[in-house]
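Residue-level structural notes
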Amino acid sequence: MSNPVRSVAMWSLNVLSGVCIIIVNKKLMGSKGYNFNFPTCLCALHFLFTSMSSKVGTKLGICSPPDKSIIFPWRDLWTFTVVANLSIISLNTSLMFNSIVLYQISKLAIVPFTCLVEMAWYSRQFSMATIFCIVLTLVGMAMVSISELRVSTNTIGVVIALSSIVFAGLQQLLCRHYQTKHNMPSNDLLAQTALAQGSTLMIFGPVMDFLFSQRWVSTYEFSDIRAFHFLLLSCVLAMGVNFSQFLVLGKFSAVTFQLMGHLKTMLVLILGWYFFGGIVTVTQTTGMCLAIGGMVGYGYTTAPTKKVESADANDDNDEEAQHPKTPTGGLDRVNVK
C-alpha cells in the first residue's frame, strides 16, 4: 500500500471509528434505543475487549510490546486510575443522559478547561486571541446547556456533562504530567494503567450503574437480539478507536489532528440529529457555531507553538513526549476520544 493511500486509510479509520462509537453507544444506552443503562460496565467491556485484542496484536507483531523497564509508582498509578475512570464514566453517562449535541459540545469545553487550569496552576501564558477563542467556546457551551435545560429540564444530565469536562480535563493534565515525570510515551502509559482501570471498573461498575439506573446489569434481558449486536459492535469500535489512535500517533501534524477533531465534531452533530432527531433551537445552533468556531480559532492561534513543539519532538524522536494524547478506552478512551 502506497504511503498516501495508507495515510488516508489510517485517517479514515480514526475518524469513522471515533464517530461511529458515539452513535452506537447512544443507540445502545439511550431511551430511544435499547436502554442498556450501564455505562460503567460498558467501559469495562471495552477495556476487556481492547486488552485482549492488544495482546493478540502484540503476538502477531502488529503492535509493539510495552517497555517493561518503565516503573510506574503505585501512588501515581492509582491516582491516575481513579481520575481516568471518573473521566470515562462521566463521559459515557453524559452520552446516556443527554442529547448528542450537549454531549459533543461539552467535550469541546475540555480544552478551555485545561487551559484555564494551566493558567491558574502553572502560570501558563496565552495570547489574547487564544483567550478570546477559549471564552467563545465556553459561551457556546453555556448556550447549549441552557437550551438543553429549557427543552428537556434535564438538570442531572447537564451536571454530569459539566463534571465530565472537569474529570476529562484532569485526566489529560495527569496524562501529560506522568508522561513527562516518568518519561513514557502514551502507549506505555496505557499498558501500565489498563489492568488497574479495567479491573476496578469490572468490580465497582455494577454498583455505580445501579446508582444511576436502579437496575443491576445482570437483570438486563436481550429481548431484542439487535441490542446484543450493538453491544458487540460497540466493543469492536472501541478496539478500532484504540488501534487507529496507535496508527496515527506521530504520523500527522498537529494541524491535521485539529482538522480530524473538527471533522469528527461536525459528523457527530449531523449524524446525531439524523438518527435521533430532537429539537434543535436557535440558541443551540448559535451555541454550537460559537463553540466550534472557538475551537477552530484555538487551533489556528496555537498552531505556531505546536509547530515549534513538533519540531523539537522530532529532534528527540519522541513526539508523544511533547504532544501526549489521552489514552483511549472506555468511551472516547474510548474516548469515546
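Above this text is the structure in question.
I will try to describe carefully the structure that is included in this document.

**Some remarks on the pattern of salt bridges**
Inspection of every chain in the model, using the stated rule, returns 4 salt bridges. Taking the shortest distance from any N to any O, the salt bridge between Arg124 and Glu118 comes out at 2.6 Å. For Glu118, a relative accessible area of 7% puts it in the buried group. Its salt-bridge partner being Glu118, residue Arg176 comes within 2.1 Å of it at the nearest N-O pair. Note that Arg176 is positioned in helix 7 (residues 155–182) and Glu118 in helix 5 (residues 110–121), a separation of 58 residues in sequence. A residue is classified by how much of its surface remains accessible, and Arg176, at 33% relative accessible area, is partly exposed. Where salt bridges share partners, they join Glu118, Arg124 and Arg176 into one cluster.

**Things to note about the side chain of Ser90**
Relative to the assigned elements, Ser90 resides in helix 3 (residues 74–97). On the basis of relative accessibility, which here comes to 7%, the residue Ser90 falls in the buried class. Side-chain polar atoms of Ser90 contact the backbone oxygen of Leu86, separated by 2.8 Å. A polar atom in the side chain of Ser90 sits 2.9 Å from the backbone oxygen of Ser87. Non-local contacts of Ser90, meaning those with residues more than four positions away in its chain, are made with Ile160, Ser163, Ser164 and Phe167.

Cut-offs applied
- Residues numbered from 1 in each chain as written.
- Predicted model: local features only at pLDDT ≥ 70, side-chain atom pairs only at ≥ 80, totals over all residues.
- Heavy atoms only, no water.
- Salt bridge = Lys/Arg side-chain N within 4 Å of Asp/Glu carboxyl O.
- Buried < 20%, exposed > 50% of the residue type's maximum accessible area, 1.4 Å probe, protein only.
- Helix = DSSP H or I, 4+ residues; strand = E, 2+ residues; numbered from the N terminus.
- Polar contact = N/O pair within 3.5 Å; in protein donor to acceptor, adjacent residues only side chain to side chain.
- Contact = heavy atoms within 4.5 Å.

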